[in-house]
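Fold and contact review
Residues per chain are reported as follows:
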Amino acid sequence: VGTPGGASIRNASTLARESAFHGQVIWVSGLTAAVWPAWSAFIADYANACRAREPGDRALFIIELQGELDDAPPTSDVCLAIHQWGGTVSRMDMLLLGMQLLRRRRLQPFQRQIAAAVIARVAAWDPAVAERLAAENLPSMMRPEPILRELAAERGWDARIGLTLQTSASLAAWRAGLADTVDGEMTVHPAALTAIDLADRVREIDRRIWCAQIGVVMPFVEEQRRRIIEQHAATLRIPHFSGRANDPPIMEREDLELRHIVHQIAVQHVSLGDETNRRVRRLKQARDRLAHLQPLDAAWFSNDEFRVFSADQ
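Notes on the structure in this doc start here. Since the structure is predicted, the reported quantities are computational estimates derived from the model, not experimental observations.

This part takes up the nonpolar core. Among the nonpolar cores identified, the biggest contains 67 residues, and Met142, Val217, Ile261, Leu272, Val280, Trp300 and Phe301 are the most heavily contacted of them. Ranked by residue count, the leading element in this core is helix H11 (residues 198-231), at 12 residues. In this structure methionine 142 touches Ile114, Val118, Ile209, Gln213, Ala298 and Phe301, once residues within four positions along its chain are discounted. Core analysis: the next-biggest nonpolar cluster, separate from the first, contains 15 residues, Leu31, Ala47, Cys50 and Phe61 among them.

Here is the structure:
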């Protein structure tokens, strides 16, 4: 439409040539099905007009398409790219977010590591879940079902979502925020798990907590084993005979496992001191539990013995 005084027609082409508009970034969200056809036509025209402009002389439109609008994205072109926000968030992203959220919490370094790992695994890709978990104490993080049920209720998720989740890789589940790909693995939203079968819910949440714990606790246990062997090299006995018929003797102290050290304490009456004897048993209990696919209770990370463990890290 022309304007009085001979002003140029206001369309995508004139907008692309407008110098005051160059280098701007415009983020568009909240579009509805009613207005999307007009926006779709405009963005196609604008992309075509940008072909004649240098990259630095273009304004960049970032347009969010959510829900049903994702069914009809514009066609990709030279100056028009389609980016699907799926499989974008990694576990490392969530781990860094967890550490950031916990930075002001009064936690020992190792407790902060385990809390951040649990947040990252349980929350999967959703920062809202991470923020809710980070505000809780460690026992609540390790048993997050009540928190997740609250989130499910807030989002209106109930047993009816089970049909959508029967194929968690489906586009419908992704669009509804019920599932996404995290590091190549299709993952159901943790709050959605509380709206489906109880046994499956508990098993999957426990699996995520176990994954978080094993990635942090097992290196810690091995480091403690190494320190105990170094500190008590003169006391630990070599060669070590476990008493099992098919077990070869251990000829090097560095090869002593926690079970071997516990055997020397319990059967051979080797004493490393009450505190270290207790520490070895606790470390072995933790290792055995994780090896049998069972997550540790929050008490393991907060009792007095753990504080002794972490004090000399």
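Here we come to the side chain of arginine 225. Locating arginine 225 in the fold gives a position in helix H11. Engagement of the side chain of arginine 225 in a polar contact is seen with the backbone oxygen of glutamate 254, the distance being 3.2 Å. Not counting chain neighbours up to four residues away, the residues in contact with arginine 225 comprise Glu254, Asp255, Leu256, Glu257 and Leu258.

The next thing to look at is the environment of glycine 23. With respect to the helices and strands, glycine 23 occurs in the loop between helix H1 (12-17) and strand S1 (25-28). Once the C-alpha coordinates of glycine 23 and arginine 58 are considered, the two residues, 35 residues apart in sequence, prove to be 5.7 Å apart. If sequence neighbours within four positions are ignored, glycine 23 has contacts with Gly56, Arg58 and Ala59.

We now examine the packing of helix H12 (residues 258-266) against helix H13 (residues 274-291). At a minimum axis separation of 9 Å, H12 and H13 run at an interaxial angle of 140°. For the element pair H12 / H13, the angle class is oblique. The way H12 lies across H13 gives a crossing that is left-handed. Contacts from Leu258, Arg259, Ile261, Val262 and Ile265 in H12 reach Asn277, Val280, Arg281, Leu283, Lys284 and Arg287 in H13. In terms of residue class, the contact of H12 with H13 is made up of six nonpolar, one polar and four charged.

Let us now look at the pairing of strand S2 (residues 60-63). One ladder, built from four bridges, connects S1 with S2; its direction is parallel. Note on S2: the bridge partner recorded for tryptophan 27 is isoleucine 62. Crossover handedness for the path S1 to helix H2 (residues 36-50) to S2: right-handed.

Another point: the packing of helix H5 (residues 127-134) against helix H7 (residues 145-154). Remark: H5 packs on H7, axes separated minimally by 11 Å, with the N-to-C direction vectors making an angle of 140°. By the angle between their directions, the pair H5 and H7 is classed as oblique. Between H5 and H7 lies a crossing of right-handed hand. Packed against H5, whose contacting residues are Val129, Arg132 and Leu133, the element H7 presents Ile147, Leu148, Glu150, Leu151 and Glu154 at the interface. Taken together, the residues of the contact of H5 with H7 break down into five nonpolar, no polar and three charged.

It is worth spelling out the environment of valine 25 at this point. Note on placement: valine 25 falls in strand S1. Here valine 25 falls in the exposed class, since its relative accessible area comes to 55%. In this structure the C-alpha to C-alpha distance between valine 25 and phenylalanine 61, which are 36 residues apart in sequence, comes to 6.0 Å. Setting aside its immediate chain neighbours within four residues, valine 25 contacts Leu60 and Ile62.

What counts and what doesn't
- Residues numbered from 1 in each chain as written.
- Predicted model: local features only at pLDDT ≥ 70, side-chain atom pairs only at ≥ 80, totals over all residues.
- Heavy atoms only, no water.
- Core = buried A, V, L, I, M, F, W, Y, C linked by side-chain atoms within 4.5 Å.
- Buried < 20%, exposed > 50% of the residue type's maximum accessible area, 1.4 Å probe, protein only.
- Helix = DSSP H or I, 4+ residues; strand = E, 2+ residues; numbered from the N terminus.
- Contact = heavy atoms within 4.5 Å.
- Polar contact = N/O pair within 3.5 Å; in protein donor to acceptor, adjacent residues only side chain to side chain.
- Axes fitted to C-alpha atoms, helices over the stretch in contact; angles between N-to-C directions.
- Parallel < 35°, antiparallel > 145°, perpendicular 65-115°, else oblique.
- Left-handed = near helix turned anticlockwise from the far one by under 90°.
- Nonpolar A, V, L, I, M, F, W, Y, C, P; charged D, E, K, R; others polar.
- Pairing = 2+ DSSP bridges.
- Right-handed = clockwise from strand over helix to strand, strands pointing away.

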